[in-house]
Each structure stands twice: as C-alpha cells, then as structure tokens.
Amino acid sequence: AIYEVNLNLDAAIADDYLAWLREHIAQICALPGFLGATLHLVVDPLSEPGRRALCVQYRLRDQAALDDYLRDHAPRLRADGMARFGGKFSASRRILHPIAN
C-alpha cells in the first residue's frame, strides 16, 4: 500500500517545516510495517504565491500495517505538527493500492 500525504504550507515556514518533516518521516518509517518514504516538492500544479506544496509517499507492507498506524500512532504524530505549525499548513491524505499490470 501507498499512504500519500499532500501538504500545503506558508512559504515563510518552509525551511522550519521541512526540517521538522524530515524527522517526522524518519519516526514514521521506524514503525512496524513501513518500508520507506519519498518526499516530493510539488511543481505542477503550481502553488499559489507565498505557498509551497509537498507530497510524502509512504510505502507499507500491507493495509493491515497502515490500519495499525492510523489507529495507534497517527493521532499523536499529527498533533505534534499541529502544535508546532497549526494554521500555517493543511494536509490531505490518500491511500493507494497497486494493481497488477
């Protein structure tokens, strides 16, 4: 499974947010069932002036590992980002399952 998190943030916090996000990604990837993650700068569609868009794609062993994360870890980890940067960013999420070609 792929767990995708799309982030839209104030450009003014971009450096601080990115430093925090790299540590956040490392914490998540250390959890059971996570196989790794890729951090992307979104270049299309173009961000609004004064904004930055990022996308993180986490690779997981299976849906059960994602369910465990969402139930047992996500609320605490999301709260940390809100406490530090609340109101200066937004997040949306998607879950993707591969289809055999």
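Residues numbered from 1 in each chain as written. Predicted model: local features only at pLDDT ≥ 70, side-chain atom pairs only at ≥ 80, totals over all residues. Heavy atoms only, no water.

S.K.: Give a detailed account of the nonpolar core, specifying residues and quantitative values.
M.R.: Among the nonpolar cores identified, the biggest contains 24 residues, and Leu 7, Leu 9, Tyr 17, Leu 21, Tyr 58 and Tyr 69 are the most heavily contacted of them. Of all the secondary structure elements, the ones that give two or more residues to this core are β1 (2-10), α1 (14-29), β3 (51-60), α2 (63-72) and α3 (74-85). Ranked by residue count, the leading element in this core is α1, at six residues. Excluding anything up to four places from it in sequence, Leu 21 contacts Leu 7, Leu 39, Leu 54 and Val 56. (Core = buried A, V, L, I, M, F, W, Y, C linked by side-chain atoms within 4.5 Å. Buried < 20%, exposed > 50% of the residue type's maximum accessible area, 1.4 Å probe, protein only. Helix = DSSP H or I, 4+ residues; strand = E, 2+ residues; numbered from the N terminus. Contact = heavy atoms within 4.5 Å.)

S.K.: Describe the sheet that holds β3, with residues and values.
M.R.: Remark on secondary structure: sheet strands pair via backbone hydrogen bonds, oriented parallel or antiparallel. Taken in spatial order, the four strands of this open sheet run β2-β3-β1-β4, and their pairing is antiparallel. Two strands in the sheet have a free side with no partner beyond their single neighbour: β2 (34-41) and β4 (89-96). Adjacent strand axes in the sheet meet at a mean angle of 15°, parallel and antiparallel pairs treated alike. Note that β2 and β3 share seven bridges and pair antiparallel. Paired with Gly 36 across the bridge in β3 is Arg 59. With respect to the sheet, α1 is in contact with β1, β2, β3 and β4, its orientation differing from that of β3 by roughly 5°. (Pairing = 2+ DSSP bridges. Axes fitted to C-alpha atoms, helices over the stretch in contact; angles between N-to-C directions.)

S.K.: Please set out the packing of aromatic side chains residue by residue, giving values where relevant.
M.R.: Under the criterion given, the structure shown has eight aromatic pairs. Pairing Tyr 17 with Trp 20 gives two aromatic rings, centres 5.3 Å apart and planes at 55°, and the pair type is tilted. Here Trp 20 and Tyr 17 lie together in helix α1, a separation of three residues that amounts to about one turn. By relative accessible area, Tyr 17 is classed as buried at 1%. A residue is classified by how much of its surface remains accessible, and Trp 20, at 9% relative accessible area, is buried. A ring pair is formed by Phe 34 and Tyr 58, whose centres lie 5.8 Å apart and whose planes are at 85°; its orientation type is edge-to-face. (Phe/Tyr/Trp six-rings, centres within 6.5 Å; stacked < 30°, edge-to-face > 60°.)

S.K.: Could you give an account of α1, with specific residues and numbers?
M.R.: Between the first and last C-alpha of α1 there are 22 Å, a value that for 16 residues agrees with the 22 Å anticipated at 1.5 Å per step. All buried positions along α1 are accounted for by Ala 14, Tyr 17, Trp 20, Leu 21, His 24, Ile 25 and Ile 28. Down the axis of α1, the buried side of the element spans an arc of 145°, and every buried residue falls inside it. Turned more than 90 degrees away from the buried face of α1, the exposed residues are Asp 15, Asp 16, Ala 19 and Arg 22. Contact partners of the buried residues in α1: β1, β2, β3, α2, α3 and β4. (Expected span 1.5 Å × (residues − 1). Arc of directions from axis to C-beta.)

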